[in-house]
Amino acid sequence: MAGICTYGGYVPRYRLNRSLIYQAMGWMNPANIANAGGEKSVANFDEDALTMAVAAGIDALRGVDRTRVQGLYFASTTMPYKERLNAGIITAALGLNDQIRAADFSGGIKCGTTALLSALEGVESGRVDNVVVTAADSRLGKPASAQELIFGDGAASVTVGTDNVIAEFKDAYSVTYDFVDHFRGEFARFDRQWEDRWIRDLGFMQILPEAVEGLLAKTGLKITDFSKVVYPCHYGAARKGLNKKLGIAPEADQDNLQQQVGETGSAHALLMLVAALENASPGDKILLVSFGSGCDAMFLEVTENIKNLPKRYGLSGSLENRAELDNYTKYLVWRDILPGDRGLRSEEDLWTRWSQLWRKRKEILGLWGTQCQNCGTLQYPSQRVCVNPECGATDKMSPYCFSDKKGRIASFTGDNLAASINPPAIYGQVVFEEGGKYMFDFTDCDLESLSTGMSVEMSFRRKYRDQKRDIAGYFWKAVPTKEEV
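Let us look at the structure shown here. (Residues numbered from 1 in each chain as written. Predicted model: local features only at pLDDT ≥ 70, side-chain atom pairs only at ≥ 80, totals over all residues. Heavy atoms only, no water.)

### Details of the overall build of the protein
Here is the rule: Think of it this way: any DSSP run of H or I at least four residues long counts as a helix, any run of E at least two long counts as a strand, and we number them from the N terminus. Atoms counted for the radius of gyration: C-alpha only. Globule rule: 2.2 Å times residue count to the power 0.38. When a residue's accessible area, from a 1.4 Å probe over protein chains only, is under 20% of the maximum for its type it is buried; when over 50% it is exposed; and in between it is partly exposed. Contacts were defined at the residue level, with two residues in contact if any of their heavy atoms lie within 4.5 Å. Here the positive residues are Lys and Arg and the negative ones are Asp and Glu; neither His nor the chain ends is included. A charge is said to be at NZ when it belongs to Lys, at CZ for Arg, at CG for Asp and at CD for Glu.
Helices and strands together make up the secondary structure of the protein, namely 12 helices and 22 strands. Here the C-alpha radius of gyration of the protein, 23 Å, is about what a compact globule of 485 residues would show, namely 23 Å. Across its three principal axes, the protein shows a C-alpha extent of roughly 75 × 55 × 45 Å. Of all 485 residues assigned to the protein, the portion counted as buried reaches 54%. For the protein, the proportion of contacts with a sequence separation of at least 24, taken over those separated by at least 6, is 72%. Of the charged side chains in the protein, 55 are positive and 61 negative; the average position of the first set lies 2 Å away from that of the second.

Okay, here's the thing in structure tokens:
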């Protein structure tokens, strides 16, 4: 039996009230008042689609033996690299084995469900097992556009396998059309779209029902057999029309998260699926639909194993971890829409030594250190000689992963002189609970909220952006966490 074994969700900490955007830009497009309700999730200055995909992947892998993972599929339309396997970076960050299959899926916002279908059918064939599917997007809408208000940032991830399946894969039906609703050319930063009525009346109202009705005919099911119907569609009137046309009952219509998060592109169908699974019961039938350059529709059935799923953040945990971004201008600077002057110290040349990164890839991307086999002392970065003065053993080290370990703040400072897009730069020493100590940047926090002894966990973030060579460099940062009672 192939299906979804675990899930994970990630919504960035910051939320921007859409009314702030409208107050700043509504004068250019007053009709945008229709999209100005609620709030949108905003990736931090050091986040992108790749880092969010890692965060969701970490959540999905809670309780999973990572050495058993045989594949990783990454879906996004906003990958940081056009040529360099983004999934390969995620594989290293998640601490997975090198001997696995990894692939990027892109080109349309239904690529998240297409990646999921590829994993499900691969596992079903018996040629691969335990595949991580992670999807994330951080799409940009031009200031004063409707997309700027509608889009949000986020990620979702699932593991697909045959053991402890929580949602069995039953069947799927797909259609593919070169239907152009949203598009970006090779050099475009901002999303462009054709007229709303075109997208609503021909896209959602004709292509999506074709996929759903195709699946129903293929399986012999009725729409009323499903406990939840999961489909992204931010058009309120079109959503009501679709529900009426397809016969979706109000209680079966999964909330589209538009008021809390926004449209998260390739991740959105999976993020809504995570929300459905968080409240699902054994026996529930779920219809998952994703639209964009065609449509995927798939039938999943929840099993008894969902009761035994280890605790995770999921979507609900991410939504609870929120902070107001009360400054629209800061959002523009973070996304490099409004270039801010970071001072002379920001003008240093940010070289990436690819040969050095290759040799140190596990330390940098996976946060692997060492453990002395003689005395058990942990150390980051990796060492040949044990740092314990009572030991001093040489070449008796085994690899040790710090990325999934908790730590505590030993010291910290706020630096207003260091070049930062989000001053002050905050960094300090972190002591890991099981041993080991290192200097990290702190993120997703305010200087005033920090104190020594505070608990932190590690988060994969963008360390720097070399605009001259178009390189994003990544490393791990410390994020303060709430103490568990």
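### A look at the pattern of salt bridges
Selection rule: The salt bridge definition used is simple: a Lys or Arg side-chain nitrogen within 4 Å of an Asp or Glu carboxyl oxygen.
One pass over the full model with this rule turns up 29 salt bridges. Salt-bridge contacts for Arg 139 lead to Asp 191; the nearest nitrogen and oxygen are separated by 3.9 Å. Of this pair, Arg 139 sits in the loop between strand S6 (131–137) and helix H5 (146–150) while Asp 191 sits in the loop between strand S9 (182–183) and strand S10 (192–193), placing them 52 residues apart in sequence. Residue classification places Asp 191 among the buried positions, given a relative accessible area of 7%. Asp 470 is the salt-bridge partner of Arg 465, the closest N and O atoms lying 2.5 Å from each other. Of the residues examined, Arg 465 reaches a relative accessible area of 35% and is grouped as partly exposed. Using a relative accessible area of 46% as the deciding quantity, one classes Asp 470 as partly exposed.

### A word on the packing of aromatic side chains
Selection rule: Pairs were defined over the aromatic rings of Phe, Tyr and Trp, the Trp ring being its six-membered one, requiring ring centres within 6.5 Å. Orientation was assigned from the angle between planes: stacked under 30 degrees, edge-to-face over 60, tilted for the rest. The rule for a charge over a ring is simple: NZ of Lys or CZ of Arg within 6 Å of the ring centre, and within 35 degrees of the ring normal.
A complete count under the given rule lists 18 aromatic pairs for this structure. Here Phe 226 and Phe 299 contribute two aromatic rings whose centre-to-centre distance is 5.4 Å and whose plane-to-plane angle is 85 degrees, an arrangement assigned as edge-to-face. On the criterion of sequence distance, the pair formed by Phe 226 in the loop between helix H6 (196–219) and strand S11 (228–230) and Phe 299 in strand S13 (residues 294–302) is long-range, its members being 73 residues apart. Relative accessible area serves as the criterion here: at 6%, Phe 299 is assigned to the buried category. With centroids separated by 6.1 Å and ring planes inclined at 15 degrees, the aromatic side chains of Phe 440 and Phe 475 adopt a geometry described as stacked. With Phe 440 in strand S20 (residues 437–441) and Phe 475 in strand S22 (residues 471–480), this residue pair connects regions lying 35 residues apart in the sequence. Judged by relative accessible area, Phe 475 falls into the buried class, the value being 15%. Through a chain of ring-to-ring contacts, three or more aromatic side chains come together here, namely Tyr 380, Tyr 400, Phe 402, Phe 432, Tyr 438, Phe 440 and Phe 475. Note that Arg 139 overlies the ring of Phe 151, its terminal NZ or CZ placed 3.8 Å from the centroid. When the ring centre of Tyr 235 is taken as origin, the NZ or CZ atom of Arg 200, which lies over that ring, is 5.7 Å away.

### Let's talk about helix H8 (residues 268–278)
Of all the 11 residues making up H8, 10 are buried; the element is thus mostly covered by neighbouring parts of the structure. If you check which residues of H8 are buried, you get His 268, Ala 269, Leu 270, Leu 271, Met 272, Leu 273, Val 274, Ala 275, Ala 276 and Leu 277.

### A few points about the layout of surface pockets
Counted only if it meets this: Two kinds of site are reported from a 1 Å grid over the protein atoms alone, namely cavities, where a 1.4 Å probe fits but cannot get out, and pockets, open sets with protein on both sides within 12 Å along at least five of seven lines, and residues are called lining when an atom falls within 4 Å of a point. Grid points are joined across faces, edges and corners, and a volume is the space filled by probe spheres set on the points. Following the grouping adopted for this structure description, the nonpolar residues are Ala, Val, Leu, Ile, Met, Phe, Trp, Tyr, Cys and Pro, the charged ones are Asp, Glu, Lys and Arg, and the polar ones are all others, Gly among them.
One number sums up the size of the second largest pocket: a volume of about 1400 Å³. In terms of lining residues, the second largest pocket is bounded by 43 residues, among which Arg 62, Tyr 313, Lys 406, Glu 457 and Thr 481 are the most central. Of all the elements in the fold, those that place two or more residues in the lining of the second largest pocket are strand S1 (3–10), helix H2 (49–60), helix H9 (314–320), strand S21 (455–466) and S22. Looking at the lining of the second largest pocket, the element that brings in the most residues is S21, giving six residues. Partitioned by chemical class, the residues of the lining of the second largest pocket number 12 nonpolar, 11 polar and 20 charged.

### Concerning the sheet that holds strand S14 (residues 323–324)
In sheet architecture, strand pairing relies on hydrogen bonds along the backbone and comes in two forms, parallel and antiparallel. Applicable threshold: Strands pair, by our definition, only if DSSP identifies at least two bridges between them. Helix axes are fitted to C-alpha atoms over the stretch in contact, other axes to C-alpha atoms as well, and angles between N-to-C directions run from 0 to 180 degrees.
One open sheet holds the three strands; their spatial order is S3-S2-S14, and the pairing between them is mixed. Strands at the two margins of the open sheet, each flanked by one partner only, are strand S3 (39–42) and S14. Judged from the four bridges that link them, strand S2 (residues 14–17) and S3 form a sheet pairing that is antiparallel. Bridge assignment links Leu 16 to a residue of S3, and that residue is Lys 40. Sheet strands touched by helix H1 (residues 18–25): S2 and S3. Its angle to S2, the strand with the most contacts, is close to 50 degrees.

### A word on the nonpolar core
In plain terms, the rule: Side-chain atoms within 4.5 Å link the members of a nonpolar core, which is a set of buried Ala, Val, Leu, Ile, Met, Phe, Trp, Tyr and Cys residues.
In terms of nonpolar packing, the biggest core is built from 50 residues, with Leu 72, Phe 74, Phe 440, Phe 460 and Trp 476 touching the most fellow members. Of all the secondary structure elements, the ones that give two or more residues to this core are H2, strand S4 (71–75), helix H3 (86–93), S6, strand S19 (425–432), S21 and S22. A per-element tally of this core places H2 first, with eight residues. Formed by 47 residues, the second largest nonpolar core is a distinct cluster that contains Ile 4, Val 128, Ala 156 and Leu 315.

### Focus on the sheet that holds S21
Spatially, S20-S19-S18-S21-S22 is the arrangement adopted by the five strands of the open sheet, whose pairing is antiparallel. Since the sheet does not close on itself, it has two edges, and those belong to S20 and S22, each with one partner. Direction aside, neighbouring strands of the sheet carry axes that sit 25 degrees apart on average. As paired elements, S21 and S22 share 10 bridges and run antiparallel to each other. In the strand pairing of S22, Glu 457 is matched with Val 479.

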